[in-house]
Structures are given as structure tokens and as C-alpha cells.
Amino acid sequence: MSKLSVLAEGLDHPEGVTVTADGTLYAGGEAGQVYRVDPDKGSFEEVASTGGFLLGLCADGNGLLYCCDVGRREVLRVDPATGKSDVYSSGTAERPMVNPNWPVFDQEGNLYVTDSGSWKGNNGCIFRIDPEGRTEVWTDVSTNFPNGACLDLDEKSLLILESCTPALVKISLDDPQSRQVVAELPGTIPDGVSIDVDGMAYICCYRPDQILRVEPSG
């Protein structure tokens, strides 16, 4: 515990955080706030607001932010330099977004978005938005509240937390119908995941209040 430090405090329910290519740290808020955080000063400022409820967010190479807004049921693209935002995707005509939760870019500029669906409704899916902004349902093999996600170390697979399974699963980017259980997580409600340079997964749990570390072997 002595190695832990507070970067900033007083934010409104910062569910998701991301770091842009220039090292700037951003977080979202419960009322749609987009915060820029200065960890050296321990301060933050609100640079934009969507008016909704932000969950996960990520950044592209130009420093634009892509924010999952569960209040608006949309993925919004936010320019933190100007505070302006526009709708990047709201799903498809046949399947509008219900609970957009976490966005992940691949190397080709495709944005994968977990849509958790309803709690214990087993009706989630994963959308893919191509660089031109076209949206499709990429896969529906992960339905049990797909939540936090990140690329695997080789960047050939998507790691996804299924909060209601509960488990960490893997889906190949080349085979969206594949689904492999990496680790079962009984007694937890897993929420967010990231990996380190060795492929170790770090999982934040909604319940209980803990962080799990999962080796690549599971």
C-alpha cells in the first residue's frame, strides 16, 4: 500500500481513463464530463461535456477521444482542445446501442466497442466501427455483459471481461466467432482490464473492491 499514490481526487465518478500519445491523461465523469488530469500537480480541469454518463474512453493518434456514453447510448468523438464533440456511432439501424461500455482501437483504425446490454439480460454484443465511421455488429458470441476490453499483447485478439459470467475471454480479430475463456473469475463482478508488457492482465472489480492479476496462462 505504501507504493500507492493519489494522482488527483474530487472527480465525479471517473469510470474510464486513457492516455494520449503525448502522455496526457484523461478521464470521464458521471454527468458527461471529460477531465484532463495533471498528475504532477494533482489537479484536473473539465475540458468538455457530453451531458450524458461516460464509461470507457480511448484516444486516437491525433489526440481525439472516443467516449462511451451510456446516458446517450452513443460513442462520442471529443476534441479536448476545443471541447467540441460529435456522434461517432450509435450502433446500426437494426441494432442500436444499448449500453456502450468500452472502446478499443486496433492497428488498422477499427474501433471495437463492447455493448453490455442489460444487466443479467445475456443480450450484449461487440460493435466494430471502421475508419470511415461505418458500424457493424462485429460479434455476438460474448453476450453475458461484455464490459472492459483491451488488445492482447500480440494485438491479434481482443480480451473482454464478461461481468455476469464472470470471466476473462479472448476473441481473435481474424475470427469474431471464436471465444476462448482465459480465466474464470468466480465470486467477482469484473469491470475493467489492461495488460502490461509481459501480457499480465490487471482486472478492476466492481465487486469486491480489488484488483486481480491474471497471468497469460490464465
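Above this text is the structure in question.
To start, this report covers the structure provided alongside it. (Residues numbered from 1 in each chain as written. Predicted model: local features only at pLDDT ≥ 70, side-chain atom pairs only at ≥ 80, totals over all residues. Heavy atoms only, no water.)

Using the criterion set out here, one finds eight salt bridges in the structure. Measuring nitrogen to oxygen at the nearest pair gives 3.0 Å for the salt bridge that ties arginine 72 to glutamate 74. Under the relative-accessibility criterion, glutamate 74 is labelled buried at 16%. Linking aspartate 209 and arginine 207 is a salt bridge whose minimum nitrogen-to-oxygen distance equals 3.8 Å. Residue classification places arginine 207 among the partly exposed residues on the basis of a relative accessible area of 42%. (Salt bridge = Lys/Arg side-chain N within 4 Å of Asp/Glu carboxyl O. Buried < 20%, exposed > 50% of the residue type's maximum accessible area, 1.4 Å probe, protein only.)

Turning to the layout of surface pockets, a few remarks are in order. Put simply, the largest pocket is a space of about 1,200 Å³. Listing elements by their share of the lining of the largest pocket, those giving two or more residues are strand S1 (17-19), strand S2 (25-28), strand S5 (54-59), strand S9 (100-105), strand S13 (146-151), strand S17 (189-195) and strand S18 (201-207). In this structure, the second largest pocket encloses a volume near 290 Å³. As for the second largest pocket, its lining consists of 14 residues, and the residues nearest its centre are Glu15, Phe145, Asn147, Asp191 and Tyr206. Among the elements that take part in the lining of the second largest pocket, S17 stands out by supplying three residues, more than any other. Per-class residue counts for the lining of the second largest pocket are seven nonpolar, five polar and two charged. (1 Å grid on protein atoms, 1.4 Å probe; cavity = no way out; pocket = protein on both sides within 12 Å on 5 of 7 lines; lining within 4 Å. Points joined across faces, edges and corners; volume = space filled by probe spheres on them. Helix = DSSP H or I, 4+ residues; strand = E, 2+ residues; numbered from the N terminus. Nonpolar A, V, L, I, M, F, W, Y, C, P; charged D, E, K, R; others polar.)

Purely geometric stuff here, so don't read any function into it on its own.
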